[in-house]
Amino acid sequence: MQIIDLGLISYTQAEELQKARVEDVAQGAENTLYLLEHPKVITFGRNGGREHLHVSDNMLEQMGIETARTARGGNITCHFPGQLVAYPVFRIASRPGGMRSLFYDLEEVVIRTLAHFGLQTQRCEGRPGVWIENRKICSIGIAMRRWTSYHGLALNVCRDVSLFEMITLCGLADAKATSLQAELNDESVTVQEVKNVCAREFRTIFTDSAVASHKDSV
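Residues numbered from 1 in each chain as written. Predicted model: local features only at pLDDT ≥ 70, side-chain atom pairs only at ≥ 80, totals over all residues. Heavy atoms only, no water.

A.B. asks: Before we go on, may I ask you to explain the layout of surface pockets in this structure?
C.D. replies: Unfilled space is identified by rolling a water-sized probe across the atoms. Approximately 420 Å³ is the volume attributed to the largest pocket. Lining of the largest pocket is provided by 27 residues; of these, Gly 73, Gly 74, Asn 75, Pro 128 and Ile 140 occupy positions nearest its centre. At the level of secondary structure, the elements contributing two or more residues to the lining of the largest pocket comprise strand E5 (76-79), strand E8 (127-132), strand E9 (135-145) and strand E10 (148-156). Sorting elements by how many residues they give to the lining of the largest pocket places E9 first, with 5 residues. Considering only residue class, the lining of the largest pocket consists of 12 nonpolar, 12 polar and 3 charged. For the second largest pocket, the calculated volume is near 250 Å³. (1 Å grid on protein atoms, 1.4 Å probe; cavity = no way out; pocket = protein on both sides within 12 Å on 5 of 7 lines; lining within 4 Å. Points joined across faces, edges and corners; volume = space filled by probe spheres on them. Helix = DSSP H or I, 4+ residues; strand = E, 2+ residues; numbered from the N terminus. Nonpolar A, V, L, I, M, F, W, Y, C, P; charged D, E, K, R; others polar.)

A.B. asks: What is the right way to read helix H1 (residues 11-26) from this model?
C.D. replies: Residues spaced three or four apart along an α-helix point in a common direction, a consequence of the helix completing one turn every 3.6 residues. Taking 1.5 Å per residue as the helical rise, H1 with its 16 residues ought to reach 22 Å, and the 22 Å between its terminal C-alpha atoms agrees with that figure. Of all the positions in H1, only Tyr 11, Ala 14, Glu 15, Gln 18, Arg 21, Val 22 and Val 25 are classed as buried. Each buried residue of H1 sits inside an arc of 130° when the element is viewed along its axis, so together they form one side. Positive backbone phi, approximately 115°, marks Gly 28, located one or two places after H1. (Expected span 1.5 Å × (residues − 1). Buried < 20%, exposed > 50% of the residue type's maximum accessible area, 1.4 Å probe, protein only. Arc of directions from axis to C-beta.)

A.B. asks: Is there a simple way to explain the side chain of Thr 77 in this structure?
C.D. replies: With respect to the helices, strands and loops of the structure, Thr 77 is situated in strand E5. When its relative accessible area of 5% is taken as the criterion, Thr 77 is described as buried. In contact with Thr 77, other than residues within four places in its own chain, are Val 41, Ile 42, Thr 43, Arg 72, Ser 139, Phe 164, Ile 167 and Leu 169. (Contact = heavy atoms within 4.5 Å.)

A.B. asks: What exactly am I supposed to notice about the packing of helix H3 (residues 98-116) against helix H5 (residues 191-206) here?
C.D. replies: For any two helices packed against each other, one specifies the inter-axial angle together with the distance between the axes. Look at H3 against H5: their axes get within 9 Å of each other, and the N-to-C directions meet at 135°. Relative to H5, H3 is oriented oblique. As H3 packs across H5, the resulting crossing turns out to be right-handed. Contacts between H3 and H5 involve Leu 102, Asp 105, Leu 106, Glu 108, Val 109, Arg 112, Thr 113 and His 116 from the former and Val 194, Val 197, Cys 198, Arg 200, Glu 201, Phe 202, Thr 204, Ile 205 and Phe 206 from the latter. Counted by class, the contact of H3 with H5 contains 9 nonpolar, 3 polar and 5 charged residues. (Axes fitted to C-alpha atoms, helices over the stretch in contact; angles between N-to-C directions. Parallel < 35°, antiparallel > 145°, perpendicular 65-115°, else oblique. Left-handed = near helix turned anticlockwise from the far one by under 90°.)

A.B. asks: Where do I start with the nonpolar core in this structure?
C.D. replies: Most often, soluble globular proteins have nonpolar side chains that are buried together. By size, the foremost hydrophobic cluster in this structure holds 35 residues, and its most contacted members are Ile 137, Leu 153, Leu 155, Phe 202 and Phe 206. Among the elements of the structure, strand E2 (32-37), strand E6 (83-89), H3, E8, E9, E10 and H5 are those that each provide at least two residues to this core. Sorting elements by how many residues they give to this core places H5 first, with 8 residues. Look past the residues within four positions of Ile 137 in its chain and what remains in contact with it is Leu 114, Leu 119, Thr 121, Val 130, Ile 132, Ala 154, Leu 155, Asn 156, Thr 178, Ser 179 and Leu 180. If you look at the next biggest cluster of nonpolar residues, it comprises 18 residues, including Ile 42, Val 161, Met 166 and Ile 167. (Core = buried A, V, L, I, M, F, W, Y, C linked by side-chain atoms within 4.5 Å.)

This is how it looks when you write it as structure tokens:
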């Protein structure tokens, strides 16, 4: 697995990179994981979402917040600096369990990553992602092309999750957004620290053994 840190990159740019890499991976190139952050953007998945947006497009434009319709599963969510995003471009065709197994393993990466920092989280039946009671700390939405995954997970690290106030999170009226810093009441934990642990857990779960880092990798 190649793990590449893209830093802060626009949603559109990251999506184009993924689509191009999907073609390569589908033809036999190395599975690739992109780790990154996005500027503020509200995205809508295949299951809709605009009905859960609480502000007008004009207001969003005035605030410099973009919107995007995407191919991923799920409903409405937000991305912003301080949130760690992971996009796995992985071949699924020969993977035991297919998409269901991939989704479970992505949740497991997040659960183990947060446990490293002393935070216990869980899956919630019928509600994709990673939760602490009704507080959602990580959203997951996957797309598939040529039996290769793209899009992925968004893990809230920094305390400020106020962008979620502009939406009904994932279309769930009782769901609240939370973050690692907020749950720990500790703002010293950085996105880079979480990124490093997340990369390690991806290697543990998705490869038989750790692989040498690419020169552009974490």
